[in-house]
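Spelled out from the first residue to the last, the chains are:
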Amino acid sequence: MATNVIPDACTLVVNFRYAPDRSEEEAEAFVRDYFADCGVDEFVVDDHTGGARPGLTHPAAAAFMAAVGGEARPKFGWTDVARFSALGVPAVNYGPGAQLLAHKVDERVEAALIPEAERRLVDWLTG
């Protein structure tokens, strides 16, 4: 494509992640409003799952956290836990590693932490 040609169309994909205090409808309204003055001809939402509040009060999730000795901390990013939450299924993210490194260039998990996380998970599953 020549660099001096203005294309007749443009597609923009937006991945808007938001906290669970905002509903799916509010999130979509925010994005629509944000792009309202940009001359958008078509606005398509092809995937949408809201944020998930921790379901740690559910007996299964509470039992899991107690069994693995975990400390609940916020997850700063979207995971499939939100899909489970929307269906009323208790779910938590679990595993070794620093969540603040997730999806970053220096993302890593100390190998020494993996066996302990596995042992705790197996202990809970075999209870």
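All residue numbers refer to position in the chain's written sequence, counted from 1. In view of the model being predicted, local features appear only for residues whose pLDDT reaches at least 70, and side-chain atom pairs are presented and counted only at 80 or more, with totals across whole chains, interfaces and linings using the full set of residues. As a rule here, side-chain values come from all non-hydrogen atoms in the structure, and water together with hydrogens is ignored.

### Observations regarding the packing of helix H2 (residues 59-68) against helix H4 (residues 113-126)
The criterion, for reference: Helix axes use the C-alpha atoms of the stretch in contact, all axes being lines fitted to C-alpha atoms, and the angles between their N-to-C directions lie in the range 0 to 180 degrees. For helices the rule is a DSSP run of H or I covering at least 4 residues; for strands it is a run of E covering at least 2, with both sets numbered from the N terminus onward. Put simply, angles under 35 degrees are roughly parallel, angles over 145 are roughly antiparallel, angles from 65 to 115 are roughly perpendicular, and the rest are oblique. The sense of a crossing depends on the near helix, which, turned anticlockwise from the far helix by less than a right angle, makes the crossing left-handed and, turned clockwise, makes it right-handed. A contact between two residues is defined here by any heavy atoms of the two lying within 4.5 Å. Three residue categories are used. Nonpolar comprises Ala, Val, Leu, Ile, Met, Phe, Trp, Tyr, Cys and Pro, charged comprises Asp, Glu, Lys and Arg, and polar comprises the others, including Gly.
Here H2 crosses H4 at 130 degrees, and the two axes come no closer than 9 Å. One finds that H2 runs oblique with respect to H4. Between H2 and H4 lies a crossing whose hand is right-handed. Here H2 contributes Ala 60, Ala 63, Phe 64, Ala 67 and Val 68 to the contact with H4, which in turn contributes Arg 120, Leu 121 and Trp 124. Residues of the contact of H2 with H4, tallied by class, amount to seven nonpolar, no polar and one charged.

### Digging into a nonpolar patch on the surface
The criterion, for reference: Candidates for patches are residues over 30% relative accessible area with no salt bridge; among them, like charges are joined within 9 Å and nonpolar side chains (Val, Leu, Ile, Met, Phe, Trp, Tyr) within 5 Å. Residue-level accessible areas treat just the shown protein chains as cover; the underlying method is Shrake-Rupley with a 1.4 Å probe. Between Lys or Arg on one side and Asp or Glu on the other, a salt bridge is scored when a side-chain nitrogen of the former is within 4 Å of a carboxyl oxygen of the latter.
On the surface, a cluster of nonpolar side chains totalling about 370 Å² of accessible area is made up of Tyr 94, Leu 121, Trp 124 and Leu 125. Along the chain, Tyr 94 falls in the loop between helix H3 (81-86) and H4.

### A short note on a negative patch on the surface
Definition in use: As used throughout, the charge tally considers Lys and Arg to be positive and Asp and Glu to be negative, leaving His and the chain termini uncounted. Note on charges: their place is set at NZ of Lys, CZ of Arg, CG of Asp or CD of Glu. Summary of the burial criterion: residues with accessible area below 20% of their type's maximum are buried, those above 50% are exposed, and those between are partly exposed, where the area comes from a 1.4 Å probe applied to protein chains only.
Where like charges cluster on the molecular surface, the negative patch consists of Asp 21, Glu 24, Glu 25 and Glu 26. For Glu 25, the location among the structural elements is in helix H1 (residues 24-34). Judged by its relative accessible area of 61%, Glu 25 falls in the exposed class.

### Quick word on the pattern of salt bridges
Within the structure shown, the criterion is met by seven salt bridges. The salt bridge partner of Arg 83 is Asp 47, with a shortest N-O separation of 3.4 Å. Remark: Asp 47 occurs in the loop between H1 and H2 and Arg 83 occurs in helix H3; sequence separation between them is 36 residues. For Arg 83, a relative accessible area of 35% puts it in the partly exposed group.

### Let's talk about the packing of aromatic side chains
Worth spelling out the cut-off: Stacked, tilted and edge-to-face are the three classes applied to pairs of Phe, Tyr and Trp rings, where Trp contributes its six-membered ring and a pair requires centres within 6.5 Å; stacked means planes under 30 degrees apart, edge-to-face means over 60, and tilted covers the rest. Note on geometry: a ring has a charge over it if NZ (lysine) or CZ (arginine) is within 6 Å of the ring centre and within 35 degrees of the ring normal.
One pass over the structure, following the stated rule, counts six aromatic pairs. Centroid distance Phe 16 to Phe 30: 5.2 Å. Interplanar angle 15 degrees. Geometry classified as stacked. Of this pair, Phe 16 sits in the segment before H1 while Phe 30 sits in helix H1, and the two are 14 residues apart along the sequence. Through pairs of rings, three or more aromatic residues link up here, namely Phe 16, Tyr 18, Phe 30, Tyr 34 and Phe 35. Over the ring of Phe 30 we find Arg 22; its NZ or CZ atom is 4.8 Å from the centre of that ring.

### Re the environment of Gln 99
For Gln 99, the location among the structural elements is in the loop between H3 and H4. By relative accessible area, Gln 99 is classed as partly exposed at 25%. Along the sequence, Gln 99 and Pro 74 sit 25 residues apart, while their C-alpha atoms lie 9.2 Å from each other.

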